[in-house]
Every structure is written in structure tokens, then in C-alpha cells.
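Analysis of the macromolecular model
Below are the chains, spelled out letter by letter.
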Amino acid sequence: MIFSRTRLLRAPLFWLGLILLASACGKKSPPLAPERLRPRAVTDLTARNVEDGIRLRWRLPTDRAAGGALDVTPGMVLLRTDGATQESCESPAATWERVLTFAPGAVTPPTTWVDTAVVSGRWYGYRAHAVGDDGSLSDASTRAIVFRGEPPPQPPAPVLRSGDGFLVLEAPPFPPDVIGWTYYRSATDAPFPPIPSYGGVITGNAWTDGQVVNGQTVRYAIAWIGQTHGFVLEGPMSPPVEGMPVDLVPPPRPGSIVAVPRDGAVDIRWQRVEEPDVRYHVYRRRLDLEPGFTRITAGPLPDNVLEDRPRRGQYLYAVTSIDRSGNESSRSEPASVTVR
């Protein structure tokens, strides 16, 4: 919930009024001193340049400054100062303005926000205060200071190569003033997250992502990372690409195959492979005419039994297993049978 500046100034009194009104009804208890209700300070406040502004991230406290857990999730007030130099943002005399406020009690409070009201070539400083359910403010967080520069251009789509349990992202050659890149990852039916899936800067042209699952399609976009005054600048995301890691490991081969002749036919049975979704191919070789095995199943069989009706002769039968990715095992030990 975002308030106007006038409402922001009145917000602590409003929340305090609600607390006093609630305390006038029902069971009475000794009031707590305001100092004991104050939440701890916001931690891990960071600022990072992105395409459309400066992205802020933070961690809200879960307990009070005087000890004890907070009754509800705290709210927050985010303040900003700016200047022509870094020293102006570090100065105790810096002028601060509120740029973001949300009230206590949110089930899923925000932990990140992009300040789009920034100008290239200036320094920006940020600090935050947690807001208790009585309207009390915490101590200030540590300052996050960043120089706003010009973000790098949009990169072309990366090349994506599939592996067994991993995907390899290959970025194009870096343009001038680019020190590396980062990537965003999502499922095909989900939007990209608000922050990169990789938090650092990738300085090589290839990156292996092992946080994927065989058979599940994944979507990626990359963004160039530049650097000015020691601060990174993240550019716009590339067009997305999709890929899927592929299982390349064959399943175990079937065992204990049996071939039994019966009235001009052969009943073939074998021991199942203990893996999910495994199917089977059956191979046959006529000993006096064929130098090797020939597959006699048009498609993989879901069951571990097959009836074959070959011509008279002596035959060998063998079976392979096929997993869901199409990997085929080696052939089982053959079973011999004579058809009369």
C-alpha cells in the first residue's frame, strides 16, 4: 500500500489511534512503554542499478528492539537523498524525502522495489525505518549509496545447450563497457522473477545452470552488467529462450529372460526393471542365417511378455529397456529356443 506524502505524515498517528481504540474495549492489560514496542532496524538494505531505475532490497525485522517477537509483520518507510557527489549522500546534513511506505500487518510484505524517479549522473542514498503496529519507528538502517549511470544496451538472446541434469547458457561477445552478465530463469508459464536468478556477475561467455530438472522446460533471459564509479549497472533483459535438460543415462538392462516354444510360437518373458515408466524392446537372431540381432518390436512394450511366431529354426532372443527420455539399455543375456 503506497500513501501520498500528506497521508504519510499522518500515518503514525492513525495507527496509534487504532491501538488506543482497541485497548479501550475488552480485557484490560498494563500498557507497554513505546520504547518496548519499537521494532529492530531494517537490515540488508542494498541498492543496485537496473534498466529502469535503482532496485532496493531489504530484510524486515521479526522482533522488537527491546526483545521479544513482534505481534505483526512491521511496515516500512524508505527515505532517499541525492546529490552531485558521494559525500553529499553520506553527510549528516543530507536532506531526506519519503519515497515508499507500507503499513504493518501485511501477509507478504514487499522485500524489493525499483525507484524509477532517478536521473543518470547523480548519486543516491537510501535508508529505511521499520514501522511497528503502534506506529513507532525503528532506528535507521545502514545507508545504501549508489551512483546512477547509463545502463548497458539490450543483449541478443543467448544460446542454450542441453545436458543431463544441466543447461549451458552461452552469452555473445561483450560490447564495450560491459564487464559481464547475469541471467533470469523461470518456468515457461511463469513470469521472470524481479531479481536475477544468479546474484553475481558472470565474467565468462558460458555458464552452466545445474538447478534444473531433466524433462522440465526452462525459460531464460540475460542482461549485460556495466560498471561506473565502482557500481554495477544492469541493462534490459534479452529476448527469452527456452530449453530442457535431457536424461542421457540408460536404464539397467532386463534380466532373467525366458523363451518357451509352443505350437509354432515362442512365449518370451523377462524380469522387469525397477524404474518408473520403463518399456522394452525385443531382439531376435536366427543362428543359421543371421549374423546379428534384429529388433522385432515396432515400438517399446509396456509389459514384460511377448508372443513371437517365427519360422522353424533355432533362435536367440534378447531384451532391452527404454526409459522416458528414450535412452536404451544394453541387451540382456540371450535366451535360446528351437522352433519345430
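These numbers were taken from a predicted model, which means no experiment stands behind them.

1. With respect to the overall build of the protein
Across its full length, the protein holds 3 helices and 21 strands. Residue burial in the protein is summarised as follows: out of 340 residues, 40% are buried. Taking as baseline every contact in the protein between residues at least 6 positions apart, the subset at least 24 positions apart corresponds to 68%. As displayed, the protein offers around 18300 Å² of accessible surface, 53% of which is attributable to carbon and sulfur atoms.

2. Observations regarding the sheet that holds strand β3 (residues 75-83)
The antiparallel open sheet is built from 4 strands, whose spatial order is β4-β3-β6-β7. Every other strand in the sheet has two partners, leaving β4 (97-102) and β7 (144-147) as the edge strands with one partner each. Strand-to-strand, the axes of this sheet are offset by a mean angle of 20°, without reference to chain direction. As judged from the 5 bridges shared by β3 and β4, these two strands associate in the antiparallel manner. For Val 77, the partnering residue across the bridge sits in β4 and is Thr 101.

3. Describing the pairing of strand β12 (residues 218-228)
Burial of β12 is extensive: 9 of the 11 residues sit out of reach of the surface. Direction of pairing for strand β10 (residues 178-187) relative to β12: antiparallel, over a ladder of 9 bridges. When the sheet's bridge partners are listed, Tyr 183 is paired in β12 with Ile 222. The pairing of β12 with strand β14 (residues 241-243) spans 3 bridges and is classified as antiparallel. Counted as the bridge partner of Tyr 220 is Val 241 from β14. The turn joining β12 and strand β13 (residues 231-237), which pair antiparallel and follow one another in sequence, is formed by 2 residues; a positive phi near 55° is taken by His 229.

4. Let's talk about unusual backbone geometry
Despite not being glycine, Ser 256 shows a phi value in the positive range, around 55°. Within the chain, Asp 263 stands out as a residue other than glycine whose phi angle is a positive 50°. According to the relative accessible area criterion, Asp 263 is exposed, its value standing at 73%.

5. Quick word on the side chain of His 129
Its place among the elements puts His 129 in strand β6 (residues 123-131). Looking at His 129, the relative accessible area reads 13%, which means it is buried. Within the local environment of His 129, its side chain forms a polar contact with the backbone oxygen of Ser 138, the two atoms lying 2.8 Å apart. Residues contacting His 129, with those up to four places away along its chain left out, are Val 42, Gly 75, Met 76, Val 77, Leu 79, Leu 137, Ser 138, Asp 139 and Ala 140.

6. Side note on a nonpolar patch on the surface
On the surface, a cluster of nonpolar side chains totalling about 240 Å² of accessible area is made up of Met 244, Val 246 and Leu 248. As for its position among the elements, Met 244 is in the loop between β14 and β15 (255-262). Met 244 sits in the partly exposed class, given a relative accessible area of 33%.

7. Quick word on the environment of Ala 144
Within the secondary structure, Ala 144 sits in strand β7. Considering only alpha carbons, one finds Ala 144 and Arg 57, 87 residues apart in sequence, at a separation of 9.8 Å. Once you skip the residues sitting within four places of it in the chain, Ala 144 turns out to touch Leu 45, Thr 46, Ala 47, Tyr 124, Gly 125 and Tyr 126.

8. Overview of the packing of aromatic side chains
Under the counting rule described, the total for this entry stands at 10 aromatic pairs. Where Tyr 183 meets Tyr 198, the ring centres are 6.2 Å apart and the plane angle is 15°; that geometry is what we call stacked. Taken together, the positions of Tyr 183 in strand β10 and Tyr 198 in the loop between β10 and β11 (206-209) put the pair 15 residues apart, joining distant regions of the chain. On the basis of relative accessibility, which here comes to 4%, the residue Tyr 183 falls in the buried class. Across from the ring centre of Phe 192, 4.1 Å away, lies the NZ or CZ of Arg 219, which sits over that ring. The ring of Tyr 283 carries Arg 331 above its face, with NZ or CZ at 5.7 Å from the centroid.

Definitions and limits used
Residues numbered from 1 in each chain as written. Predicted model: local features only at pLDDT ≥ 70, side-chain atom pairs only at ≥ 80, totals over all residues. Heavy atoms only, no water. Helix = DSSP H or I, 4+ residues; strand = E, 2+ residues; numbered from the N terminus. Buried < 20%, exposed > 50% of the residue type's maximum accessible area, 1.4 Å probe, protein only. Contact = heavy atoms within 4.5 Å. Areas by Shrake-Rupley, 256 points an atom, 1.4 Å probe, with all protein chains shown as cover. Pairing = 2+ DSSP bridges. Axes fitted to C-alpha atoms, helices over the stretch in contact; angles between N-to-C directions. Polar contact = N/O pair within 3.5 Å; in protein donor to acceptor, adjacent residues only side chain to side chain. Patch = residues over 30% accessible without salt bridge, like charges linked within 9 Å, V, L, I, M, F, W, Y side chains within 5 Å. Salt bridge = Lys/Arg side-chain N within 4 Å of Asp/Glu carboxyl O. Phe/Tyr/Trp six-rings, centres within 6.5 Å; stacked < 30°, edge-to-face > 60°. Lys NZ or Arg CZ within 6 Å of the ring centre and 35° of its normal.

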